[in-house]
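The chain contents come next:
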Amino acid sequence: MLKFAVFLKPYKKESILGPLFKLIEAILELLLPTMVALMINHGVGKGDTHYVWQMGLLMLLMTVLGFSSSLVCQLYAARASQGFGTTLRNTIYKHILSFSYADLDKFGTPSLINRITNDVNQLQMAVAMLIRLVIRAPFICIGAIMMSMILDARLALVLLAATPILAVILYLVITKASPLYRLYQKKLDHIALVLSENLTGVRVIRAFAKRGTERVKFNTASDDLTQTAIRVGRISALLSPATLLVVNGAIIAILWIGGIHIQYGSLTQGEIIAFINYITQILLALIVVTNLIILFTKASTSAARIQEVLDTQASISDTAASENQPGSPPAPYGDVVDTGSMQPDSVDGIQASLSQTDRMSRQNTVPAIAFDHVSFGYNTTGQLALSDIDVDIYPGETVGIIGGTGSGKSTFVNLIPRFYDAVKGSIRIDGIDVRDYNLTELRQKIGIVPQKALLFTGTIADNIRWGKKHATDEEVARAAAIAQAEEFIGNLAGKYDAPITRGGLNLSGGQKQRLTIARAIVSNPEILILDDSSSALDFATDAALRKSLRDNSTHTTVLLVSQRVSTVQHADKIIVFDEGRIAGIGTHDQLMTRSEVYQEINRSQISTQEVDQ
Ligand SMILES: Nc1ncnc2c1ncn2[C@@H]1O[C@H](COP(=O)(O)OP(=O)(O)OP(=O)(O)O)[C@@H](O)[C@H]1O
């Protein structure tokens, strides 16, 4: 947990002054019982009203001063803990943005959300408590013991005897509760996963009448979490009563021994009242300390979970500063960064060392994309999703990628912008290994339209400009026209300024797909990848889209991933995938004569169409 102290650095003043103000309050609080004893012994006992008034006023003044100090401390604690939480959250978020798809897969989105919210909150609370109570509570404990020792050392021995008993109780509770807290956080992750699946898939759940099943699933996860919470609660709940029992036992012993002392005249009534006051202070401080220990046990579990995220080095990264500059998160999936203002030669990497002539001549001879005996597997499964892929795609070619579900088409295209890295072989863009590119430069070359159309809150134009920040209105309109989105945008109230709400909830599937295509093509990328992104379009719109892409992007290398033969049949070249391997490469006519897998796909689609008719 100490590692996180660095996030408190900007709040040094608050972190030092806060506890100091609390200390002033604690000192004043510690003096009060002795003053009560003095008031009883010298004022009440001797009938000196003036002394009682004097002491009373002084005590009032001390209380006001203590209260003001406490308020200042609260203010500092709130400032420091909120600032700490914000900086930590921002740091984790920035770090997560650098993760590759494989890193994201490792944690899972719900767990990452929990870590950045719940776990950070837990630490934030610990920081606030640390400033407010961590010095005060032990100080009161130790101070009260010392003050009571000054009053009567023999009676104070009773208190000291109770200390090891309390220490054993604390140790037992912490060792039992810590693993349960970890389990609790894991179950919280699970419930977040179930919840996010249910909420995002609410339409599907209703369509398939699965409300009952999903309710049971959620209730089971929720009950499981409750059971763990109850187990943790039971153990933690033991702590306060056990502390009370030990301290109350000590009070009884002190009253008994104190009574005997009073009888013999070696202790005054004022002193015994002060003694009881000190024990009550110790008791309250101990309850605070036990609660602090529970809070810190939880916080240390959260700290470990956050540290795990921060310790994960992005498995795909480059050394260039441009990728990691604050405020410039890496281009998200489906996004192309503005290339308008960038000179290709001005960026880092091997390509910067190539002359313009070199590049031109390379473009003519070197494949735009080359897969050189590439194999790839997702970490989680251990199986290969792609095996020995060896293919060249030339500049300006339109390449169809077809295959059954799960045959590896999306995996193939995801390797090109380095969303994942190949485990064997290499992928080259314009003759250069993708691993030798600066990531930003690499992704600027590629416009990718993901399978799942995802838009962002803003206007239609804002969403298209995700592809090129400073695109002119004409460029936005041209991209929309190529993507066959012009007509439906024209029918919207507000046209290009029409709002898009929560990921495109107010648009149809086909409309969303066309906007994601416009977003990818607005920057005129060298390589355009459409990953089954016209699946929601009708045949006529799909055909019109392909024609306009062909007419408007003659220099762009286009990869069309689809399960429909009709989408890819006019491509210059079609790559057929089957169970992670290439089962055939060629034109439609060539494959119809020599690829069994392609023939089978074609046959199944013709028969489906016949059935449909
Ligand atoms: N993130 C992932 N983690 C683990 N396995 C994955 C992941 N994504 C895909 N796979 C697996 O890799 C294989 C290839 O999947 P891929 O998505 O590339 O297929 P596809 O041909 O694009 O399928 P579809 O046409 O249905 O989209 C499948 O067996 C799939 O289960």
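Residues numbered from 1 in each chain as written. Predicted model: local features only at pLDDT ≥ 70, side-chain atom pairs only at ≥ 80, totals over all residues.

Novice: What should I look at first to understand the sheet that holds strand 3 (residues 398-403) in this one?
Specialist: The strands that make up a sheet pair up through hydrogen bonds in the backbone, lying either parallel or antiparallel. Here we have six strands laid out as an open sheet, ordered 6-9-10-3-11-12, and mixed in their pairing. Each edge of the sheet is formed by a strand with only one pairing partner; in this case those strands are strand 6 (446-449) and strand 12 (581-586). Adjacent strand axes in the sheet meet at a mean angle of 15°, parallel and antiparallel pairs treated alike. Note: strand 6 against strand 9 (residues 527-531), four bridges, orientation parallel. When the bridges of strand 9 are listed, Val-449 appears paired with Leu-530. Sheet strands touched by helix 17 (residues 509-521): strand 6 and strand 9. Its angle to strand 6, the strand with the most contacts, is close to 175°. (Pairing = 2+ DSSP bridges. Helix = DSSP H or I, 4+ residues; strand = E, 2+ residues; numbered from the N terminus. Axes fitted to C-alpha atoms, helices over the stretch in contact; angles between N-to-C directions. Contact = placed C-beta atoms within 7 Å.)

Novice: Please explain the UniProt feature "transmembrane region" (unreviewed entry) in the chain as it appears in this structure.
Specialist: As recorded in UniProt, the feature "transmembrane region" (unreviewed entry) lies at residues 20-40, 52-77, 133-151, 157-174, 237-260 and 272-296. Across residues 52-77, the secondary structure splits into 100% helix and 0% strand, with the terminal C-alpha atoms separated by 37 Å. (UniProt positions renumbered as here; feature names shortened; annotations may be inferred.)

Novice: Please explain the site of the ligand as it appears in this structure.
Specialist: Near the ligand lie 15 residues; those nearest to it are Tyr-378, Thr-405, Lys-409, Ser-410 and Thr-411. For the shell around the ligand, the element with the highest residue contribution is helix 12 (residues 409-415), accounting for three residues. Here the shell around the ligand is composed, by residue class, of two nonpolar, 11 polar and two charged. (Near = placed C-beta within 6 Å. Nonpolar A, V, L, I, M, F, W, Y, C, P; charged D, E, K, R; others polar.)

Novice: So what exactly am I meant to see when it comes to helix 17 here?
Specialist: Each full turn of the α-helix corresponds to 3.6 residues, which orients residues three or four apart in the same direction. Here helix 17 is 13 residues long and its end C-alpha atoms lie 19 Å apart, about the 18 Å a rise of 1.5 Å per residue gives. With respect to burial, helix 17 is a largely interior element, 11 of its 13 residues being buried. Packing partners of the buried residues in helix 17 comprise strand 6, helix 14 (460-465), helix 15 (473-482), helix 16 (486-490) and strand 9. (Expected span 1.5 Å × (residues − 1). Buried ≥ 20, exposed ≤ 12 C-beta atoms within 10 Å, placed from the backbone.)

Novice: In this structure, what is going on with the sheet that holds strand 2 (residues 384-393)? I would like to understand it.
Specialist: Spatially, 2-1-4-5 is the arrangement adopted by the four strands of the open sheet, whose pairing is antiparallel. In this open sheet, the two strands that pair with only one neighbour each are strand 2 and strand 5 (432-433). Across five bridges, strand 1 (residues 369-377) lies against strand 4 (residues 424-429) in antiparallel orientation. In the sheet register, Ile-369 faces strand 4, and the bridge partner there is Ile-429.

Novice: Please clarify how unusual backbone geometry should be interpreted in this entry.
Specialist: The bulk of non-glycine residues show a negative phi, and the bulk of peptide bonds are trans. With a phi angle near 50°, Asp-430 is a residue other than glycine that sits in the positive phi range. Inspection of the secondary structure assignment puts Asp-430 in the loop between strand 4 and strand 5. In this structure Asp-430 comes out as buried when scored by C-beta crowding, with 20 C-beta atoms within 10 Å. One non-glycine residue, Lys-495, adopts positive backbone phi at about 45°.

Novice: Looking at this structure, how should I read the packing of helix 8 (residues 211-264) against helix 9 (residues 269-311)?
Specialist: Helix-helix packing: each pair is described by the crossing angle between the helix axes and the interaxial distance. Two numbers describe how helix 8 lies on helix 9: the axes approach to 10 Å, and their chain directions differ by 165°. By the angle between their axes, helix 8 is roughly antiparallel relative to helix 9. Note that helix 8 runs across helix 9; the crossing there is right-handed. Residues Ser-236, Leu-239, Ser-240, Thr-243, Val-247, Ala-250, Ile-251, Ile-254, Gly-258 and Ile-262 of helix 8 form the contact with helix 9, whose participating residues are Gln-269, Ile-272, Phe-275, Ile-276, Ile-279, Ile-282, Leu-283, Leu-286, Ile-287, Thr-290 and Ile-294. Residues belonging to the contact of helix 8 with helix 9 are distributed by class as follows: 15 nonpolar, six polar and no charged. (Parallel < 35°, antiparallel > 145°, perpendicular 65-115°, else oblique. Left-handed = near helix turned anticlockwise from the far one by under 90°.)

Novice: What is the right way to read the confidence of the model for the chain from this model?
Specialist: Within the chain, residue pLDDT values average 81, and 88% of them lie at 70 or more. Averaged pLDDT values over the elements of the chain bottom out at 38 in helix 10 (residues 321-324) and peak at 93 in strand 1. A low-confidence stretch, residues 319-363 (pLDDT under 50), is modelled with 68 contacts involving residues beyond four sequence positions or located in other chains. Scored as a whole, the predicted complex attains pTM 0.66, and scored at its interfaces, ipTM 0.95. (pLDDT = per-residue confidence, 0-100.)

Novice: Whenever I open this one, the environment of Val-522 confuses me. Can you help?
Specialist: Counting through the fold element by element, Val-522 comes out in the loop between helix 17 and strand 9. Residue class for Val-522 comes out buried when judged on the 26 C-beta atoms lying within 10 Å of it. The sequence separation of Val-522 and Arg-478 amounts to 44 residues, and the corresponding C-alpha distance is 7.7 Å. Residues contacting Val-522, with those up to four places away along its chain left out, are Ile-464, Gly-467, Lys-468, Ala-471, Glu-475, Val-476 and Ala-479.

Novice: Teacher, can you tell me more about the nonpolar core here?
Specialist: Soluble, globular proteins show a tendency: their nonpolar side chains are buried together. Of all hydrophobic cores here, the largest spans 73 residues; its most connected members are Ala-518, Ile-529 and Val-576. Not counting chain neighbours up to four residues away, the residues in contact with Ala-518 comprise Ile-464, Ala-479, Ala-480, Ala-483 and Ala-485. Core analysis: the next-biggest nonpolar cluster, separate from the first, contains 27 residues, Leu-155, Ala-162, Ile-272 and Ala-285 among them. (Core = buried A, V, L, I, M, F, W, Y, C linked by C-beta atoms within 7 Å.)

Novice: Quick question: what am I supposed to make of the environment of Pro-10 here?
Specialist: Locating Pro-10 in the fold gives a position in the segment before helix 1 (12-44). A C-alpha to C-alpha distance of 8.3 Å links Pro-10 and Gly-83, two positions 73 residues apart in sequence.

Novice: Just to check I follow, could you spell out helix 4 (residues 109-133) for this structure?
Specialist: With 25 residues, helix 4 extends 35 Å between its outermost C-alpha atoms, agreeing within 8% with the 36 Å of an ideal straight helix rising 1.5 Å per residue. If you look at helix 4, its biggest bend is around 35°, right at Arg-115. (Bend = angle between axes of the 7 residues up to and from the residue.)

Novice: I tried to follow the environment of Ile-448 on my own but got confused; where do I start?
Specialist: Tracing the sequence through the fold places Ile-448 in strand 6. A count of 25 C-beta atoms within 10 Å places Ile-448 in the buried class. The spatial distance from the C-alpha of Ile-448 to the C-alpha of Pro-525 is 9.1 Å, given a sequence separation of 77 residues.

Novice: Is there a simple way to explain the packing of helix 2 (residues 49-97) against helix 4 in this structure?
Specialist: The geometry of helix 2 relative to helix 4 is characterised by a closest axis approach of 8 Å and an angle of 155° between their N-to-C directions. Between helix 2 and helix 4, the angle is such that the two are roughly antiparallel. Considering only the axes of helix 2 and helix 4, their crossing is right-handed. When grouped by side-chain class, the residues that make up the contact of helix 2 with helix 4 number 17 nonpolar, four polar and three charged.

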